[in-house]
Amino acid sequence: MAQDGPLIDIRLVDGPVAYEPPPDLLRGGGENSFLGRTRAEAHPAHGDLRLLRYEAKASMAVKLLRDIAADAAAAHGLLFVRITHSVGDVPVGQASVLVQVVGEHRKETFPATAEIMDRLKSKVPIWKQEVWADGATWKDGVAVDPAS
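Notes on the structure in this doc start here. Per chain, residue numbering runs from 1 following the sequence as it is written. This being a predicted model, a pLDDT of at least 70 is required before a residue's local features are given, and a value of 80 or more before pairs of side-chain atoms are given or counted; all residues contribute to the totals for chains, interfaces and linings. Side-chain calculation: all heavy atoms of the structure are included, whereas hydrogens and water are not.

## A short note on the packing of helix α1 (residues 58-76) against helix α2 (residues 109-123)
Under this scheme, a helix contributes an axis fitted over its contacting stretch, all axes are lines through C-alpha atoms, and angles between N-to-C directions fall in the 0 to 180 degree range. Numbering goes from the N terminus for both helices and strands, where a helix is a DSSP run of H or I of at least four residues and a strand is a run of E of at least two. Two elements in contact, α1 and α2, have axes separated by 10 Å at closest approach and are oriented at 155°. As far as their axial angle goes, α2 and α1 are roughly antiparallel. Both α1 and α2 take part in a crossing whose hand is right-handed. On α2, the residues that touch Leu 64, Leu 65, Ile 68, Asp 71, Ala 72 and His 76 of α1 are Pro 111, Ala 112, Glu 115, Ile 116, Arg 119, Leu 120 and Lys 123. A class-by-class count of the residues in the contact of α1 with α2 yields 8 nonpolar, 1 polar and 4 charged. Small angles under 35 degrees read as roughly parallel and large ones over 145 as roughly antiparallel, with 65 to 115 read as roughly perpendicular and the rest as oblique. What makes a crossing left-handed is the near helix being turned counterclockwise from the far one by less than a right angle; a clockwise turn instead makes it right-handed. Should any heavy atoms of two residues lie within 4.5 Å, those residues are counted as being in contact. Residue classes follow a fixed rule: Ala, Val, Leu, Ile, Met, Phe, Trp, Tyr, Cys and Pro count as nonpolar, while Asp, Glu, Lys and Arg count as charged, and any other residue, Gly among them, counts as polar.

Here it is, written out as structure tokens:
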């Protein structure tokens with residue numbers, strides 16, 4: 001059975017995300033996956049990082065993630081795009097985002113993955129709070145655009 005257009009899988013999940021294999025695509029010769037993890041670090045005033053806490057404007061975030069995935073698939077000739085992002089708590093060492101793409105060849109998958117991550121971070125209303133041993137701080141986030 002022939003596939004009509006790229007397969008796109010967009011999800012917001014509660015808690016950490018995990019790698020999962022892409023669907024079997026017979027024409028898919030190259031897969032590239034980015035798994036973004038909470039890294040250990042220390043704040044000069046608040047101590048060690050315990051976790052990242054994500055909040056999202058869910059309906060808008062899903063729509064924008066779907067648009068970003070479709071744009072990347074069209075621009076790079078991808079067969080499959082998955083973007084999974086956490087909401088809620090993600091402890092140190094666990095992952096908060098998975099970007100996974102499949103193309104006929106490897107060469108289109110690398111720039112597509114980077115482009116998706118760059119656009120996700122600059123356009124999608126997902127906000128990150130850093131929870132430290134003694135306090136919490138917010139990272140700069142994306143303002144909600146009511147026109148989106």
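## Re the nonpolar core
Nonpolar cores are built from buried Ala, Val, Leu, Ile, Met, Phe, Trp, Tyr and Cys residues. Side-chain atoms within 4.5 Å join them into one set. Between buried and exposed lies partly exposed: a residue is buried under 20% and exposed over 50% of the maximum accessible area for its type, with that area taken using a 1.4 Å probe on protein chains only. Of all hydrophobic cores here, the largest spans 26 residues; its most connected members are Leu 78, Val 81, Ile 83, Ile 116 and Val 124. Ranked by the residues each element gives to this core, the list is headed by α1, at 8 residues. In this structure, Ile 116 is in contact with Ile 68, Ala 72, Val 81, Ile 83, Val 99 and Val 101, ignoring residues within four places of it in sequence.

## As for the pairing of strand β7 (residues 126-132)
On a regular strand, each side chain points to the face opposite its neighbour's, so the side chains alternate between the two faces of the sheet. Summarising burial for β7: 5 of the 7 residues are buried, a large majority. Pairing between two strands requires that DSSP report at least two bridges joining them. Here 7 bridges tie strand β4 (residues 47-56) to β7, and the two strands are oriented antiparallel to one another. Residue Leu 52 lies in a different strand from β7, and its bridge partner there is Glu 130. Hairpin connection from β7 to strand β8 (residues 135-138): 2 residues lie between these consecutive antiparallel strands.

## Quick notes on the side chain of Gln 129
Considering the arrangement of structural elements, one finds Gln 129 in strand β7. For Gln 129, a relative accessible area of 13% puts it in the buried group. If we skip the residues at most four places from it in the chain, Gln 129 touches Leu 51, Leu 52, Arg 53, Ala 136, Thr 137 and Trp 138.

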